[in-house]
Amino acid sequence: MLELKNVFTGYGDIDIIKDISLNIGEGTNLCILGPNGCGKTTLLKAIAGILPIRGDILIDGISIKDMKRHEIAGKIAVMSQISNIYFSYTVFETVMLGRYLYMKNSIFKEPSQNDKAYVEKCLKATGLSSIRNKQIDTLSGGQLQRVFLARTLAQDPNIILLDEPTNHLDLRYQKELIDYLKEWSKEDRHAVIGVFHDINLAMDLADQVLVMEKGKAVSLGKPEEVIKDHTLNRVYEMDIVGYMVDSLEQWKKF
Ligand SMILES: Nc1ncnc2c1ncn2[C@@H]1O[C@H](COP(=O)(O)OP(=O)(O)OP(=O)(O)O)[C@@H](O)[C@H]1O
């Protein structure tokens, strides 16, 4: 479904991502882990077609270099972060922006019944139906995060890219988001690629884990394989598994 072949990318003349190859099949949740500055977001930008690359990225066998921006956007949606708010729209209007691709390139036209129904479905899936008419600049960080998820879903992509999607979400909504993504990715021709700092959440969502260090892929495999090979400990320069076990022991005391 998505294939990265010896991808290099970066900013100006500097390569941040160095020689990454990956194959992401249907129904896969890939979580990307690695310390600050190792290139996780830069890799997502390359996959979204935002940065020029050397090597190749293929979606369903077609190079993104041969695809137009709207063609890539029809396949891959990036869940935006809170810093992207510039205008005050209602929740409904914001989620409708995700349908833009399908609205014959005009957001000024009245959306079709189909588009409206699709937006309603996305609002329902993210628990936002009851606040559909609220202005987004009056929402809490967690509500806003869910609005952006709904807008991403409204784009009806095959692949969702997420960059630390659980920022601003309280525990309940973190769990709900992860559970929702797990369910969504198992639908026909879907996959999720996410960057996480919370290793617990990453391990909960992931079928595959990619560990990055200094722009390179240093480990790729199932969560249990990646935990066992101690690469995580090395790249984070701490005993990750030991830390997790200690935390659990603390809770057992209560
Ligand atoms: N727009 C940019 N122009 C130049 N350099 C950049 C730009 N964005 C990121 N970088 C650099 O690229 C490197 C990788 O950054 P990136 O944001 O991809 O890392 P990350 O692993 O996502 O980090 P974090 O975990 O802190 O979010 C860093 O050295 C960063 O300073």
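Residues numbered from 1 in each chain as written. Predicted model: local features only at pLDDT ≥ 70, side-chain atom pairs only at ≥ 80, totals over all residues. Heavy atoms only, no water.

A. Broad picture of the site of the ligand. Neighbouring the ligand are the residues Tyr 11, Ile 16, Pro 35, Asn 36, Gly 37, Cys 38, Gly 39, Lys 40, Thr 41, Thr 42, Glu 164 and His 197. Note that an oxygen atom of the ligand is positioned 3.0 Å from one of the backbone N or O atoms of Gly 39. In the model, an oxygen atom of the ligand is placed 2.9 Å from a nitrogen or oxygen of the Thr 41 side chain. Starting from 630 Å² of accessible surface for the ligand in isolation, the protein chains cover 57%. With 3 residues, the top contributor of residues to the shell around the ligand is helix 1 (residues 40-47). (Near = heavy atom within 4 Å. Polar contact = N/O pair within 3.5 Å; in protein donor to acceptor, adjacent residues only side chain to side chain. Areas by Shrake-Rupley, 256 points an atom, 1.4 Å probe, with all protein chains shown as cover. Helix = DSSP H or I, 4+ residues; strand = E, 2+ residues; numbered from the N terminus.)

B. Local environment of the sheet that holds strand 1 (residues 2-11). Pairing is antiparallel in the open sheet, where 4 strands are placed in the order 2-1-4-5. Either end of the sheet is taken by a strand with one partner, and the two such strands are strand 2 (14-24) and strand 5 (62-63). Across 2 bridges, strand 4 (residues 54-59) lies against strand 5 in antiparallel orientation. Along strand 5, the bridge assignment pairs Ile 59 with Ile 62. Sheet strands touched by helix 1: strand 1, strand 2 and strand 4. Its angle to strand 1, the strand with the most contacts, is close to 120°. (Pairing = 2+ DSSP bridges. Contact = heavy atoms within 4.5 Å. Axes fitted to C-alpha atoms, helices over the stretch in contact; angles between N-to-C directions.)

C. Molecular detail of the pairing of strand 4. Across 5 bridges, the pairing between strand 1 and strand 4 is antiparallel. Of the residues in strand 4, the one forming a bridge with Leu 2 is Ile 59. Between strand 4 and strand 5, which follow one another and run antiparallel, lie 2 residues, and Asp 60 among them has a positive phi close to 45°.

D. Helix 1, seen in detail. For helix 1, the buried fraction is high: 6 of the 8 residues fall into the buried class. Where helix 1 is concerned, the buried positions are Lys 40, Thr 42, Leu 43, Leu 44, Ala 46 and Ile 47. Trailing helix 1 by a residue or two, Gly 49 shows a phi angle of about 80°, which is positive. (Buried < 20%, exposed > 50% of the residue type's maximum accessible area, 1.4 Å probe, protein only.)

E. Inspection of the domain arrangement of the protein at higher detail. As far as domains go, the protein holds domain 1 (1-75 + 158-254) and domain 2 (83-156). Here the C-alpha centroids of domain 1 and domain 2 sit 25 Å apart. Residue-level contacts link 16 residues of domain 1 with 12 residues of domain 2. When the two sides are added together, the surface that domain 1 and domain 2 hide from each other amounts to roughly 1,100 Å², 66% of it contributed by carbon and sulfur. (Domains from an automatic or database assignment. Buried area = accessible area lost by both parts, 1.4 Å probe.)

F. How the structure looks around the side chain of Thr 126. Within the element layout of this structure, Thr 126 appears in the loop between helix 4 (113-125) and helix 5 (141-154). At a separation of 2.7 Å, a polar atom in the side chain of Thr 126 contacts the main-chain carbonyl oxygen of Cys 122. Apart from residues lying up to four places away in sequence, Thr 126 is in contact with Arg 146, Leu 149, Ala 150 and Leu 153.

G. Broad picture of the sheet that holds strand 6 (residues 76-79). Pairing in this open sheet of 6 strands is mixed, and the strands run 6-7-8-3-9-10 from one edge to the other. Strands at the two margins of the open sheet, each flanked by one partner only, are strand 6 and strand 10 (216-221). Averaged over all pairs of adjacent strands, the angle between their axes in this sheet comes to 20°, without regard to strand direction. As paired elements, strand 7 (residues 159-163) and strand 8 (residues 191-195) share 5 bridges and run parallel to each other.

H. Seen up close, the pattern of salt bridges. Taken as a whole, this structure holds 13 salt bridges when the rule is applied. When the shortest N-O distance is used, the salt bridge between Arg 99 and Asp 115 registers 3.1 Å. Within this pair, whereas Arg 99 is found in the loop between helix 3 (91-96) and helix 4, its partner Asp 115 is found in helix 4, the two being separated by 16 residues in sequence. Side by side, Arg 99 and Asp 115 carry an identical accessibility label, which is buried. Residues Glu 249 and Lys 252 are paired through a salt bridge, measuring 3.6 Å at the closest nitrogen-oxygen approach. On the criterion of helical spacing, the pair formed by Glu 249 and Lys 252 is a turn pair, its members being 3 residues apart in helix 10 (residues 240-252). For Glu 249, a relative accessible area of 39% corresponds to the partly exposed category. The network of salt bridges with common partners includes Glu 26, Asp 60, Lys 75 and Arg 189. (Salt bridge = Lys/Arg side-chain N within 4 Å of Asp/Glu carboxyl O.)

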